[in-house]
Amino acid sequence: MLKVYDKAQWHMDAGENAEAVVSRFKAVFSFLAAKELLGAEGKEMVDLGIDSSISIHERMVTDAGKKFMEACYDKVIDKSADEIVGALEKEFELFM
């Protein structure tokens, strides 16, 4: 079974603003790309463009990315787009 870490739709269904959700997902994908944690499928999604249909699942990240997402993502999931990269950076430093 495919492990899904997050879906934009889940946040929008909970009443969050779609633009804010997409902005946060863009920040997450940018962070994962910068840390070389995105696999081919994740890189392809970045190239196609992040929109409100995006999700993050295990096939989008490398093996190290899977470990990072499983260990850290839930701790930062509710941050705003402005806060999430800093929170991911902090978690990444602790993770390494």
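All of these numbers come straight from a predicted model, not from anything done at the bench.

With respect to the packing of helix H4 (residues 63-76) against helix H5 (residues 81-95)
No. 1: Following both chains from N to C, one finds H4 and H5 inclined at 125°, their axes separated by 10 Å at the closest point. Taken together, the axes of H4 and H5 are oblique relative to one another. Crossing geometry of H4 relative to H5 is assigned as right-handed. Residues Ala64, Lys67, Phe68, Ala71, Cys72, Lys75 and Val76 of H4 pack against Ile84, Ala87, Leu88, Glu91, Phe92 and Phe95 of H5.
No. 2: The residue makeup of the contact of H4 with H5, split by class, is 10 nonpolar, no polar and three charged.

Describing the environment of Leu94
No. 1: Along the chain, Leu94 falls in helix H5.
No. 2: By relative accessible area, Leu94 is classed as exposed at 64%.
No. 3: For Leu94 and Asp6, which are 88 residues apart along the polypeptide, the C-alpha to C-alpha distance reads 21 Å.

Cut-offs applied
- Residues numbered from 1 in each chain as written.
- Predicted model: local features only at pLDDT ≥ 70, side-chain atom pairs only at ≥ 80, totals over all residues.
- Heavy atoms only, no water.
- Axes fitted to C-alpha atoms, helices over the stretch in contact; angles between N-to-C directions.
- Helix = DSSP H or I, 4+ residues; strand = E, 2+ residues; numbered from the N terminus.
- Parallel < 35°, antiparallel > 145°, perpendicular 65-115°, else oblique.
- Left-handed = near helix turned anticlockwise from the far one by under 90°.
- Contact = heavy atoms within 4.5 Å.
- Nonpolar A, V, L, I, M, F, W, Y, C, P; charged D, E, K, R; others polar.
- Buried < 20%, exposed > 50% of the residue type's maximum accessible area, 1.4 Å probe, protein only.

Structural measurements only, silent on function.
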